[in-house]
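These are the residues of each chain, in order.
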Amino acid sequence: MTGSDLWVPPGAASGAILDASPRGSESLCEPPLEGPGYLVGGLPFEAATAIWGRMWRSRYPLAADEFDDGVWRQSREVAMTRMHVELNPKTLWGMIGVDGDQADTVLRALSCIDHHPVPNVIIENPVNGHAHCIWCVKVPIKVTNYGSRRSLRYGLSIEHGLQTAIGGDRNYTGRLVKNPFHPRWLTHWMHDKPATLTTLGGILGEAGHMPGRGWHAQRRREPVGCSRNETLFHMVRRFAYREMRHHWGDTEGYRAAVAKHVVILNADFPVPLGENELGHISKSISDWTINYSRMWNDGPAAYDAAFSAIQAARGRKGSGRNGGLAGNSRPGGLASNSRPGGLVRAVSLAEGKRQRHAVIEQRAF
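Thresholds, definitions, all that
Residue positions are given per chain, counted from 1 along the sequence in the order it is written. Restriction of local features to residues with pLDDT of at least 70 applies here, the model being predicted, together with a cutoff of 80 or more for giving and counting side-chain atom pairs; totals for whole chains, interfaces and linings are based on all residues. To get the side-chain values, all heavy atoms of the structure are used, and hydrogens and water are removed first. Two aromatic rings, drawn from Phe, Tyr or Trp (for Trp, its six-membered ring), form a pair once their centres lie within 6.5 Å of each other, and the interplanar angle then sorts them: stacked below 30 degrees, edge-to-face above 60, tilted otherwise. In DSSP terms, a helix is any run of H or I states spanning at least four residues, a strand is any run of E spanning at least two, and both are numbered starting from the N terminus. One less than the number of residues in a helix, times 1.5 Å, gives the span that helix is expected to have. Exposure classes here rest on a 1.4 Å probe applied to the protein chains alone. A residue is buried below 20% of its type maximum, exposed above 50%, and partly exposed in between. A pair of strands is treated as paired once DSSP finds two or more bridges between them. Note on method: axes are straight lines fitted to C-alpha atoms, helices fitted across the in-contact stretch only, with angles between N-to-C directions ranging 0 to 180 degrees. Note that the term roughly parallel is reserved for angles under 35 degrees, roughly antiparallel for angles over 145, roughly perpendicular for angles of 65 to 115, and oblique for everything else. Handedness of a crossing is defined here by the sense of rotation of the near helix relative to the far one, left-handed for an anticlockwise turn of less than a right angle and right-handed for a clockwise turn. Contact definition: two residues touch when any of their heavy atoms are within 4.5 Å. Just so you know the grouping, Ala, Val, Leu, Ile, Met, Phe, Trp, Tyr, Cys and Pro go in nonpolar, Asp, Glu, Lys and Arg go in charged, and all remaining residues, Gly too, go in polar. Patch construction takes residues with relative accessible area above 30% that form no salt bridge. Like charges are linked within 9 Å, and nonpolar side chains (Val, Leu, Ile, Met, Phe, Trp, Tyr) are linked within 5 Å. Using a 1.4 Å probe, accessible areas were evaluated by the Shrake-Rupley method; residue-level cover was limited to the displayed protein chains. By definition here, a salt bridge exists when the distance from a side-chain nitrogen of Lys or Arg to a carboxyl oxygen of Asp or Glu is within 4 Å.

Engineer: An account of the packing of aromatic side chains is requested, with residue identities and associated values reported.
Structural biologist: A full pass over the atoms with the stated rule returns seven aromatic pairs. With a centroid separation of 6.3 Å and an interplanar angle of 40 degrees, the aromatic rings of W288 and Y292 are classed as tilted. Placement of the pair is W288 and Y292 together in helix α9 (residues 275–292), with a separation of four residues, close to one helical turn. Taken together through their ring pairs, the aromatic side chains of F45, W52, W56, F181 and W189 make up a single cluster.

What follows is the structure, encoded as structure tokens:
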């Protein structure tokens, strides 16, 4: 990113020299200081802008001052005058954010020797000590259908490990973060070197903070934060495939049934999702099923035929496991087959091995 691409606040006069008071000394009611000469977390404005510009990839981010007034997408320049900005764009996960709700969050983040990786930026609320800690990932993770599911799962494990290391909030989704350039917050720039997932995971693993095997299954059973969306989506999509047989030709009735099931399952979460997120989940599932599902478009006759074929395949598979009495590619030895299985094949292998040993013994003498 060149210097011309870096963010310059609106209204900043070229070459103007403003008050360079330390970060956090401004009144909470003062507007953000802008322009060259302004210190941001102890760094000159230009240096801080360069560091943030290399890490922050959102081009049309969500932003807000007070959440009660609403959150909406704004241009990059306008968003950087708000108190809170979107951490990552919709399709890339380039920074891992952890929310610490303890008064000593900054000390926890700095006590990192043989404990956890050093965050790139710590953005603190000077009133209560709560802070957002941010780690920059060298190669951003794609969160689209074309991305690697393995990388995404590993990134989620690293996020869980970082939350464990500093006592972060499990329900924090990492969507919005404190704006490091807003005068209400106290910004600490630690370093500007991005890290690979392997490096982050290695440090957390040696310290014992990485989750163990089967963690993703547990994440589904006890969903918090972003995992609530994932869990709810997969539970409802399975329901949607079965429910379509009751709503052939009734698009609105099908949408209503899916939306109702989303609300019912969401009530089981300790911290339920918001109404807006529920609407997006139900609409996504319903739209895909109605527009792209072959079962919905082919109608009840095709659905019944597919159901019968599935049941027949399950029957053949089950009979094969019980001894191979019915058609199966690997029967259990009671039916003729070029590759018998079970006891018949074991006896045949043992007999062949015995004969080879006998030949070897004869040749030895």
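Engineer: Provide a residue-level description of helix α8 (residues 251–266), including the pertinent values.
Structural biologist: Its 16 residues give α8 an end-to-end C-alpha distance of 23 Å, which sits within 8% of 22 Å, the value for a rise of 1.5 Å per residue. By the burial criterion, the buried members of α8 are G253, Y254, A257, V258, H261, V262, L265 and N266.

Engineer: So what about the pairing of strand β7 (residues 121–124)? Which residues, and what values?
Structural biologist: Of the two faces of β7, the one holding V121 and I123 and the one holding I122 and E124 are both buried throughout. Where β7 folds back on strand β8 (residues 131–142), the antiparallel hairpin that results is connected by six residues, among which G129 adopts a positive phi of roughly 85 degrees. Across four bridges, β7 lies against strand β10 (residues 186–189) in antiparallel orientation. Pairing of E124 across the sheet is with L186, part of β10.

Engineer: Can you lay out the packing of α8 against α9 for me, pointing to particular residues and giving the numbers?
Structural biologist: Packing of α8 against α9 brings their axes to within 9 Å, and their N-to-C directions diverge by 140 degrees. In terms of axis orientation, α8 runs oblique to α9. At the point where α8 passes α9, the crossing takes the right-handed sense. Note on element contacts: α9 touches α8 through L278, I281, S282, I285, S286, D287, T289 and I290, opposite T251, Y254, R255, V258, A259, V262, V263 and N266. Across the contact of α8 with α9, the residue classes break down as nine nonpolar, five polar and two charged.

Engineer: So what's going on with a nonpolar patch on the surface? Residues and values would help.
Structural biologist: There is a patch of nonpolar side chains on the surface, built from L110, V118 and M190 and spanning about 220 Å² of accessible area. In this structure, L110 sits in helix α3 (residues 105–110).

Engineer: Requested: an account of α9, with residues and values cited.
Structural biologist: Spanning 18 residues, α9 covers 26 Å between terminal C-alpha atoms, matching the ideal 26 Å at 1.5 Å per step. Taken residue by residue, α9 has L278, I281, S282, I285, S286, D287, T289 and I290 as its buried positions.

Engineer: Describe the pattern of salt bridges, and please don't skip the residues or the numbers.
Structural biologist: Scanning the entire structure with this criterion turns up eight salt bridges. The salt bridge partner of E66 is R184, with a shortest N-O separation of 3.7 Å. Within this pair, whereas E66 is found in the loop between β3 (62–64) and β4 (72–73), its partner R184 is found in the loop between β9 (176–178) and β10, the two being separated by 118 residues in sequence. Residues R73 and E86 are paired through a salt bridge, measuring 2.9 Å at the closest nitrogen-oxygen approach. With a gap of 13 residues between them, R73 in strand β4 and E86 in strand β5 (residues 84–86) connect regions that are remote in the sequence. Look at R73 and you get partly exposed, because its relative accessible area is 26%.

Everything listed here is a matter of geometry and, on its own, says nothing about what the molecule does.
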